[in-house]
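Close look at the chain arrangement
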Amino acid sequence: MQADPVDRPRILVLASGSGTNLQALIEATRERDFPGDIVAVGSNRPQAFALERAAQAGIETFTVDHTRYDSREAFDAALRMEMERYQPDLVVLAGFMRILTEEFVRAFQGRMLNVHPSLLPRYRGLNTHQRALDAGDEVHGVSIHFVTEDLDGGPVIAQAEVPVQPDDTAETLAERVQTQEHVLYPIVIRWFCEGRLQLAGNDSILFDGTPVPDVLTLPAA
Ligand code: GAR
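Quick summary incoming for the structure in this document. Computed from a predicted structure; not experimentally measured. Positions within a chain are numbered from 1, following the residues in the order the chain's sequence is written. For this predicted model, a pLDDT threshold of at least 70 governs which residues receive local features, and a threshold of 80 or more governs which side-chain atom pairs are given and counted, while totals over whole chains, interfaces and linings are taken from all residues. Heavy atoms from the whole structure form the basis of all side-chain values; hydrogens and water molecules are not counted.

**Overview of the overall build of the protein**
A tally of regular secondary structure across the protein gives six helices and 11 strands. C-alpha atoms define the radius of gyration in this analysis, and the globule rule sets the expected value at 2.2 Å times the number of residues to the power 0.38. At 17 Å, the protein has a C-alpha radius of gyration in line with the 17 Å of a compact globule built from 221 residues. If one aligns the C-alpha atoms of the protein with their principal axes, the spans along those axes are about 50 × 45 × 35 Å. Each residue's exposure class comes from its accessible area (1.4 Å probe, protein chains only) as a fraction of the maximum for that residue type: buried when under 20%, exposed when over 50%, partly exposed otherwise. Each of the 221 residues in the protein was classed as buried or not, and the buried ones make up 48%. Only DSSP runs of H or I covering at least 4 residues are called helices, and only runs of E covering at least 2 are called strands; the numbering of each starts at the N terminus.

**Overview of the pattern of salt bridges**
Salt bridges are counted wherever a side-chain nitrogen of Lys or Arg sits within 4 Å of a carboxyl oxygen of Asp or Glu. With the rule as written, the count across this model stands at 14 salt bridges. With its nearest N and O atoms 2.9 Å apart, the salt bridge here joins aspartate 37 to arginine 8. Of the two residues, aspartate 37 sits in strand β2 (residues 37-43) while arginine 8 sits in the segment before β1 (10-14), which places them 29 residues apart along the sequence. Residue arginine 8 is classed as buried on the basis of its relative accessible area, which comes to 12%. For arginine 190, the salt bridge goes to glutamate 194, with nearest N and O atoms at 3.5 Å.

**A look at helix α3 (residues 72-84)**
Residue count minus one, scaled by 1.5 Å, sets the expected span of a helix. With 13 residues, α3 should reach 18 Å at 1.5 Å per residue; the first-to-last C-alpha distance of 18 Å fits that figure. Those residues of α3 that fall on the buried side of the exposure criterion are Phe75, Asp76, Ala78, Leu79 and Met83. Summarising the axial view, the buried residues of α3 lie within an arc of 165 degrees, below the 170-degree limit, and thus occupy one face. Exposed and oriented more than 90 degrees from the buried face of α3 are Glu73 and Met81. Only heavy atoms enter the contact rule, under which two residues are in contact if any of them lie within 4.5 Å. Tucked into the core, α3 has its buried residues touching β1, β3 (61-63), β4 (90-93) and α4 (102-107). Throughout, the arc means the angular range of directions from the helix axis out to the C-beta atoms.

**Digging into the side chain of threonine 128**
Of note, threonine 128 is situated in helix α5 (residues 128-134). Residue threonine 128 is classed as buried on the basis of its relative accessible area, which comes to 3%. The residues touching threonine 128, leaving out its near neighbours within four places in the chain, are His116, Pro117, Ser118, Tyr123 and His140.

**Concerning the layout of surface pockets**
Taken as a whole, the largest pocket holds about 950 Å³ of empty space. If you trace the largest pocket, you find 37 residues lining it, with Gly95, Phe96, Met97, Pro117 and Leu126 closest to the centre. Secondary-structure elements contributing two or more residues to the lining of the largest pocket are α1 (20-29), α4, β5 (112-116), α5 and α6 (170-193). For this scheme, ten residues count as nonpolar: Ala, Val, Leu, Ile, Met, Phe, Trp, Tyr, Cys and Pro. Four count as charged, namely Asp, Glu, Lys and Arg, and the remainder, Gly too, count as polar. Broken down by class, the residue content of the lining of the largest pocket amounts to 14 nonpolar, 16 polar and seven charged. Think of a 1 Å grid over the protein atoms and nothing else: a 1.4 Å probe that fits but is trapped marks a cavity, an open set flanked by protein within 12 Å on at least five of seven lines marks a pocket, and residues with an atom within 4 Å of a point count as lining. Grid points are joined across faces, edges and corners, and a volume is the space filled by probe spheres set on the points.

**A closer look at the nonpolar core**
Grouping buried Ala, Val, Leu, Ile, Met, Phe, Trp, Tyr and Cys residues that are joined through side-chain atoms within 4.5 Å yields what is termed a nonpolar core. Counting residues in hydrophobic clusters, the biggest one holds 41 residues, and the most contacted among them are Ile11, Val13, Val92, Ile157, Val188, Ile189 and Leu197. Sort the elements by how many residues they give to this core and α6 lands first, with nine residues. The contact partners of isoleucine 11, leaving out residues within four places of it in the chain, are Leu25, Phe34, Gly36, Asp37, Ile38, Val39, Ala40, Leu90, Val92, Ile189 and Cys193.

Following this line, the structure appears as structure tokens:
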């Protein structure tokens, strides 16, 4: 059954770059039974291609350019003001490359998700693909997690594994991880919009009201 339009979760996406994850979500929301709507896309970079993708899809966009703010606090406050105009039920970080202040994170606690290109808790932060190669990992992948004040440390909802090939470079590995991101992130966002996912406290997840003992993992494709 289609959700009543007034009950449909309002999704706001933040992106800094190319926006391939945004594109995957735009396509998912075009499915007739998708239970939420992207109401706006925001960026800290005026030139982000993600803004172009949103405009092409008829979605409202806004930019809060971080280079115009003296402090992280001032930038986050300005960003939050823009975001609140759209009354989001869910904030989706899709390659949003800014460290967020604790105050900002608290304001969206329990309704902000992130995609991170590693099998967390391995490789928080940047250059995850090169770090997986340097460590000789045989399996790498992607995690979708709730955002908490602990950077890249919020509880992981789901992961998809990607086998590392002997001749992989950071670029080839990133490409295959991204393919999995585009599958996994819309699935998790759908669960959230269906009301199936909840952050419990700061470190655990309820799925259909029941604590999830393990991360949900899609096996290596
Ligand atoms: C994605 O691969 C995502 O995992 C990564 O940025 C990329 C954005 O690509 N996110 C992070 O590194 C977060 N720390 P996209 O703009 O094409 O969606």
